[in-house]
Amino acid sequence: MLPTITVDDEKCGDPLSCRKCLLICQTHVLGLGTSVGVKKYRETDPQYFVVRGVRFDKCTGCMDCVEVCPNNAIQVSFSEGGAR
Amino acid sequence: MCDWCEKYGDGYERWYFNPANYARRLYKIRREEAESSGAETNPQAAGGMAVIGPDFQEARDQGDLEKMQEIKQKAEAASWLTHFGQVITLEEALKIADMIYPIGLMTCSCRRSMQGYPSEENFTCMGMGPGMYKWERWPDTYRGGMHYLTPDEAKEVITKMNKRGLVQTVFTFGTPYLAGLCNCDYPDCAFIRTTVDFGIKLLWKGHYVAKIDPELCTGCASCVSRCQFKALNYSPSKNMAYIDQFQCFGCGLCVTECDQGAISLVERAKLPALANVW
Ligand code: SF4
Ligand code: SF4
Ligand code: SF4
Ligand code: SF4
Ligand code: SF4
């Protein structure tokens, strides 16, 4: 079963320096994407990084990331037919 | 025979020993293609180093084999044209370091993306060839800085990373332009992970397959932790290491760890059933 993982980018202000959720996930589901897509010079700029459930197929639903997040930015849920 | 050697080997033993494949001209031509093909070639744009979008995971969850196959074929075709890798041995990596100049050590974008490592802990990725000079001209393209290495320094760094347990790989940037000399591991290397988890071949197996000598293996199991490809385990009943040769990527990391000399690399091409398993 696949999870729905959502991250509130407003609440997660500086993921590169926090990265608590990235480090706690046993199966390395979460990763940093960029909010600007393919834009020269900008896609590698830390200020555009956002946390996403990149490898969501490996999410066990343990909720460790939800609990560790100091800003309550992550939500993980499972429902029949749900994805990401 | 390896498709890439056949296409781009030009008489050299391996395509990555053919100096022509490191020429900037090729890089220039292909770069526009890479940019225009969008998210798949810019892993960061896809959300982390995902490379493959969520469709594949969803299709697999639903058991939709046809859809999976379709996504796989599309992703592989795009990757093989623009950006894919092949596993090489330490020896081969050292040979390339002697052949190509300049070599720059830089931060690894896969691991930064998946674990957010600070730059100073993350210098594991190498770029090579004339394309490297662009970093000096456009420092904004690349954050974290870059260290140019002499051939001897490069060989020292590669050997150290092999010792740490990182797999040596070469990567194209606009095939067949080779510009990445990478040092990767599971699960944070996007290419190892996509290849191993999804069976989507963004990283080709190398030219060798590992083999255990049952006379020499003492069952110490110290090689087991070296395998990044789920090909090697310890069998308690045999008290010996066991290698799934169909899964082996031929990186040779287990070989360098065994102080009994019990593991050797044999040429993939010499094994009829494996000769075309890449
Ligand atoms: S719920 Fe657990 S497995 Fe899923 S992303 Fe969070 S930490 Fe990882
Ligand atoms: S733990 Fe929360 S605030 Fe920290 S990086 Fe993850 S989502 Fe952002
Ligand atoms: S291919 Fe390997 S070294 Fe290169 S960026 Fe990815 S994990 Fe890092
Ligand atoms: S390191 Fe060598 S001796 Fe030890 S288990 Fe592996 S193959 Fe056998
Ligand atoms: S079995 Fe040895 S050579 Fe084969 S992939 Fe694993 S570590 Fe590399």
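Residues numbered from 1 in each chain as written. Chains lettered and ligands numbered in written order. Predicted model: local features only at pLDDT ≥ 70, side-chain atom pairs only at ≥ 80, totals over all residues. Heavy atoms only, no water.

### Things to note about the sheet that holds strand S6 (residues 178-184) of chain B
Each strand in a sheet pairs with its neighbour through backbone hydrogen bonds, running either in the same direction (parallel) or in the opposite one (antiparallel). With mixed pairing, seven strands are arranged side by side in an open sheet as S4-S2-S3-S6-S5-S1-S7 (chain B). A strand with exactly one partner marks an edge of an open sheet, and here the two such strands are strand S4 (146-149) and strand S7 (203-204) of chain B. (Pairing = 2+ DSSP bridges. Helix = DSSP H or I, 4+ residues; strand = E, 2+ residues; numbered from the N terminus.)

### Observations regarding the packing of helix H5 (residues 90-99) of chain B against helix H8 (residues 151-164) of chain B
Residue and element names in this part refer to chain B. Taken N-terminus to C-terminus, the directions of H5 and H8 make an angle of 160 degrees; their axes are 9 Å apart at the nearest point. Between H5 and H8, the angle falls in the class roughly antiparallel. Pair H5 / H8 crosses with right-handed handedness. Contacts between H5 and H8 involve Leu 90, Ala 93, Leu 94, Ala 97 and Asp 98 from the former and Pro 151, Ala 154, Lys 155, Ile 158, Thr 159 and Asn 162 from the latter. Grouping the constituent residues of the contact of H5 with H8 by class yields seven nonpolar, two polar and two charged. (Axes fitted to C-alpha atoms, helices over the stretch in contact; angles between N-to-C directions. Parallel < 35°, antiparallel > 145°, perpendicular 65-115°, else oblique. Left-handed = near helix turned anticlockwise from the far one by under 90°. Contact = heavy atoms within 4.5 Å. Nonpolar A, V, L, I, M, F, W, Y, C, P; charged D, E, K, R; others polar.)

### Structural notes on the site of ligand 1
Lining the immediate environment of ligand 1, one finds Cys 25, Thr 27, Val 29, Cys 59, Thr 60, Gly 61, Cys 62, Met 63, Asp 64 and Cys 65 of chain A. In terms of residue class, the shell around ligand 1 is built from six nonpolar, three polar and one charged. (Near = heavy atom within 4 Å.)

### Structural notes on the domain arrangement of chain B
All names here are of chain B. Segmentation of chain B into domains returns domain 1 (3-48 + 82-204) and domain 2 (208-270). On the domain 2 side, the residues contacting the 20 residues of domain 1 number 12 residues. Summed over both partners, the interface of domain 1 with domain 2 buries about 1,200 Å², with 61% contributed by carbon and sulfur atoms. For the pair domain 1 and domain 2, the number of links is zero salt bridges. At the junction of domain 1 with domain 2, the criterion picks out five residue pairs in polar contact (both at pLDDT 80 or more). Elements with a contribution of two residues or more to the side of domain 1 that touches domain 2: H5, H8, helix H9 (190-198) and S7. In terms of residues, the side of domain 1 that touches domain 2 owes the most to one element, H9, which gives four residues. Broken down by class, the residue content of the side of domain 1 that touches domain 2 amounts to 10 nonpolar, four polar and six charged. (Domains from an automatic or database assignment. Buried area = accessible area lost by both parts, 1.4 Å probe. Salt bridge = Lys/Arg side-chain N within 4 Å of Asp/Glu carboxyl O. Polar contact = N/O pair within 3.5 Å; in protein donor to acceptor, adjacent residues only side chain to side chain.)

### Thoughts on the pattern of salt bridges
According to the stated counting rule, one finds 12 salt bridges over all chains in the structure shown. Between Arg 14 of chain B and Glu 13 of chain B there is a salt bridge, with the nearest N and O atoms lying 4.0 Å from each other. For Glu 13 of chain B, a relative accessible area of 51% puts it in the exposed group. Glu 76 of chain B is paired through a salt bridge with Lys 72 of chain B; the nearest N and O atoms lie 3.0 Å apart. Of this pair, Glu 76 of chain B and Lys 72 of chain B both sit in helix H4 (residues 65-82), four residues apart, which is roughly one turn of that helix. Salt bridges sharing common partners tie together Lys 58 of chain A together with Arg 193 and Asp 197 of chain B. (Buried < 20%, exposed > 50% of the residue type's maximum accessible area, 1.4 Å probe, protein only.)

### Notes on unusual backbone geometry
Cis geometry is adopted by the peptide bond preceding Pro 176 of chain B, which originates at Thr 175 of chain B and carries an omega value of 10 degrees. Considering the arrangement of structural elements, one finds Pro 176 of chain B in the loop between strand S5 (167-172) and S6. Residue Tyr 186 of chain B is joined to Pro 187 of chain B through a cis peptide bond whose omega torsion reads 5 degrees. Inspection of the secondary structure assignment puts Pro 187 of chain B in the loop between S6 and H9. Its identity is not glycine, yet Asn 72 of chain A carries a phi of approximately 55 degrees, on the positive side. By secondary structure assignment, the location of Asn 72 of chain A is in the loop between helix H3 (64-68) and strand S4 (74-78). We classify Asn 72 of chain A as exposed; its relative accessible area is 56%. Not every positive phi belongs to a glycine, and Asp 10 of chain B is a case in point at roughly 50 degrees. Relative to the elements of secondary structure, Asp 10 of chain B occurs in the loop between helix H1 (3-8) and helix H2 (24-36). Overall, Asp 10 of chain B belongs to the exposed group, its relative accessible area being 62%.

### Some words on the pairing of S6 of chain B
All names here are of chain B. Burial of S6 is extensive: seven of the seven residues sit out of reach of the surface. Both strand S3 (residues 123-128) and S6 contribute to a ladder of two bridges, which runs antiparallel. Bridged to Met 126 within S6 is Leu 181. Strand direction decides the pairing type here: S5 and S6, joined by six bridges, are antiparallel. Opposite Val 170, over in S6, you have Leu 181 as the bridge partner. With antiparallel pairing between neighbouring strands as the criterion, S5 and S6 make up a hairpin whose turn holds five residues, including Gly 174 at a positive phi of roughly 85 degrees.

### Comments concerning H4 of chain B
The terminal C-alpha atoms of H4 of chain B, which comprises 18 residues, lie 26 Å apart, in line with the 26 Å expected from a rise of 1.5 Å per residue. Looking at H4 of chain B, one finds that the buried residues are Met 68, Ile 71, Ala 75, Glu 76, Ala 78, Ser 79 and Thr 82 of chain B. (Expected span 1.5 Å × (residues − 1).)

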